[in-house]
Amino acid sequence: YRLWVQRIIWILAWYATHLMRVEVKGSIPTAPCIIVSNHLHNIDTPLAGRYAIRFGERVHWLAKAELFRIPLLCAILRAMQTVMIDREHPDRDAIQTIIHYARADKVWIFPEGHRSHDRRLQHGKEGVALIARIAHVPIVPIGITGTEHGLFPLLLQRQTLRISIGEPFTLPHQLTRTEILEYIMNRIEALLPEAYRRI
């Protein structure tokens, strides 16, 4: 069930990206790693994932609990091996689960915790800093542009989807959680055009 849902999503993304203008910089990272990126739209996951994850490869996502209350979406998220996290309260079980996955496979996290409403990179959540510090695996930054208006402008108006995959990096020693978060956000921001960067 999970394997087939992932394959169907990957195939749909493959066809969609062949009908639009796409510019990709960088190469597909290798597991284990933590992928961190900005978040503009729900289509970020399948479209950008198409260029960062090999067909059939195991990847795990982190998503807010509210999304799991929508029946069909919940089934898809669980099929994609998405870890549910409660943003309102400390969720140690979710953190431990995603750290476990990160040490063996690929984990994709949006540090902002939600979509940007003005396309600019938002402040990150410190949970990603905790995960990155404990997991001790390479971190791969990705910058996404072009998805902020949804799928149809990319398909019908021939707007360009741009995906910049940065080089894997490891965290310097003896940084505080706040410093780790800023270090990660800076790496994402460096891959984005000026109009998508923080004010």
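Note: the structure precedes this text.
Turning next to the side chain of Thr160. Tracing the sequence through the fold places Thr160 in strand β7 (residues 160-165). Classification of Thr160 as buried rests on a relative accessible area of 17%. With near-sequence residues (within four places) excluded, Thr160 lies in contact with Arg21, Glu23, Thr145, Gly146 and Leu154.

This part is about the pairing of strand β5 (residues 106-109). In summary, the side chains of a regular strand alternate between the two faces of the sheet. The alternating pattern of β5 places Lys106 and Trp108 on one face and Val107 and Ile109 on the opposite face, and all of these are buried. Pairing of strand β2 (residues 33-37) with β5, which is carried by four bridges, proceeds in the parallel orientation. Residue pairing in the sheet places Ile34 in a bridge with Val107 of β5.

Attention now goes to empty space enclosed by the protein. In total, this model carries one cavity of 30 Å³ or more according to the counting rule given. One number sums up the size of the largest cavity: a volume of about 180 Å³. Lining the largest cavity we find 14 residues, and of these Gln6, Trp10, Ile53, Val59 and Trp61 sit closest to its centre. For the lining of the largest cavity, the elements supplying multiple residues, two or more each, are α1 (2-17), α2 (44-52) and β3 (59-64). The element contributing the most residues to the lining of the largest cavity is α2, with four residues. Classifying every residue of the lining of the largest cavity by side-chain character gives seven nonpolar, four polar and three charged.

Attention now goes to the pairing of strand β4 (residues 82-85). Bridging between β3 and β4 involves four bridges; their strand directions are parallel. Directly across from Lys64, in β4, lies its bridge partner Ile85. Handedness of the β3-helix α3 (residues 71-79)-β4 crossover: right-handed.

Cut-off values and rules
Residues numbered from 1 in each chain as written. Predicted model: local features only at pLDDT ≥ 70, side-chain atom pairs only at ≥ 80, totals over all residues. Heavy atoms only, no water. Helix = DSSP H or I, 4+ residues; strand = E, 2+ residues; numbered from the N terminus. Buried < 20%, exposed > 50% of the residue type's maximum accessible area, 1.4 Å probe, protein only. Contact = heavy atoms within 4.5 Å. Pairing = 2+ DSSP bridges. 1 Å grid on protein atoms, 1.4 Å probe; cavity = no way out; pocket = protein on both sides within 12 Å on 5 of 7 lines; lining within 4 Å. Points joined across faces, edges and corners; volume = space filled by probe spheres on them. Nonpolar A, V, L, I, M, F, W, Y, C, P; charged D, E, K, R; others polar. Right-handed = clockwise from strand over helix to strand, strands pointing away.

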